[in-house]
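Now for the letters of each chain:
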Amino acid sequence: SRRARDWAWARHGLTPAQRLVLLALAEHADDHGESCFPSLGLLERMTELSRRGITKALNGLDGALVERDRGGPRRATRYRLLLPLDTGTTDPRG
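Residues numbered from 1 in each chain as written. Predicted model: local features only at pLDDT ≥ 70, side-chain atom pairs only at ≥ 80, totals over all residues. Heavy atoms only, no water.

Q: Tell me about the overall build of the chain, residues and numbers included.
A: Helix and strand content of the chain: four helices and two strands. Seen in sequence order, the chain has helices and strands lined up from the N terminus as α-α-α-α-β-β. For a compact globule of 94 residues, the expected C-alpha radius of gyration is about 12 Å, and the chain comes in at 12 Å, within 12% of that figure. Based on the C-alpha atoms only, the size of the chain along its principal axes is roughly 40 × 25 × 20 Å. Relative to its full complement of 94 residues, the chain shows a buried share of 35%. The long-range fraction of contacts in the chain, counting pairs at least 24 apart against all pairs at least 6 apart in sequence, stands at 51%. If you sum the accessible surface of the chain, you get close to 5800 Å²; carbon and sulfur atoms cover 50% of it. (Helix = DSSP H or I, 4+ residues; strand = E, 2+ residues; numbered from the N terminus. Rg over C-alpha atoms; globule rule 2.2 N^0.38 Å. Buried < 20%, exposed > 50% of the residue type's maximum accessible area, 1.4 Å probe, protein only. Contact = heavy atoms within 4.5 Å. Areas by Shrake-Rupley, 256 points an atom, 1.4 Å probe, with all protein chains shown as cover.)

Q: Could you give me a rundown of the environment of Arg5, with the residues and numbers involved?
A: Tracing the sequence through the fold places Arg5 in helix H1 (residues 2–9). Take Arg5: its relative accessible area is 27%, and that puts it in the partly exposed class. A C-alpha to C-alpha distance of 19 Å links Arg5 and Leu40, two positions 35 residues apart in sequence. Setting aside residues no more than four positions away along its own chain, Arg5 makes contact with Leu23, Ala26 and Glu27.

Q: Can you break down the packing of H1 against helix H2 (residues 16–28) residue by residue, with the values?
A: The axes of two packed helices give the description: the angle between them and the distance between them. Running from amino to carboxyl end, H1 crosses H2 at an angle of 170°, the nearest separation of the two axes being 8 Å. The angle between H1 and H2 falls in the class roughly antiparallel. As for the relative orientation of H1 and H2, their crossing is right-handed in sense. Across the interface between the two elements, Ala4, Arg5, Trp7, Ala8 and Trp9 of H1 pack against Arg19, Leu22, Leu23, Ala26 and Glu27 of H2. Class assignment of the residues belonging to the contact of H1 with H2 gives a composition of seven nonpolar, no polar and three charged. (Axes fitted to C-alpha atoms, helices over the stretch in contact; angles between N-to-C directions. Parallel < 35°, antiparallel > 145°, perpendicular 65-115°, else oblique. Left-handed = near helix turned anticlockwise from the far one by under 90°. Nonpolar A, V, L, I, M, F, W, Y, C, P; charged D, E, K, R; others polar.)

Q: Any details on the pattern of salt bridges? Residues and values, ideally.
A: Applying the stated criterion to the full structure yields seven salt bridges. One salt bridge connects Arg2 with Asp6, and the closest N-O pair in it is separated by 3.5 Å. Of this pair, Arg2 and Asp6 are both found in helix H1, four residues apart, which corresponds to roughly one turn of the helix. Given the relative accessible area of 61%, Arg2 is considered exposed. The residue Arg68 makes a salt bridge to Asp62 at a minimum N-O spacing of 3.3 Å. (Salt bridge = Lys/Arg side-chain N within 4 Å of Asp/Glu carboxyl O.)

Right under this line is the structure:
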């Protein structure tokens, strides 16, 4: 969503890989940062990072800007972007 992309672009202090992965996730998120299920293969194609690079970037984002619900074997991982609830407030996470 546009809101998720704008939020991702406004994050500071990220590595280039973290920014690419966050932006790729934002492309697949709804306006609330929910319902985001891109596969690692899709993230690889979108970012041109290796699977290892994506995993490392996600580990750096996990808990601060992104929450992951790992689905397990043959189940999609669900990503949730930690967007602020109220669009009129400033996000304390940066």
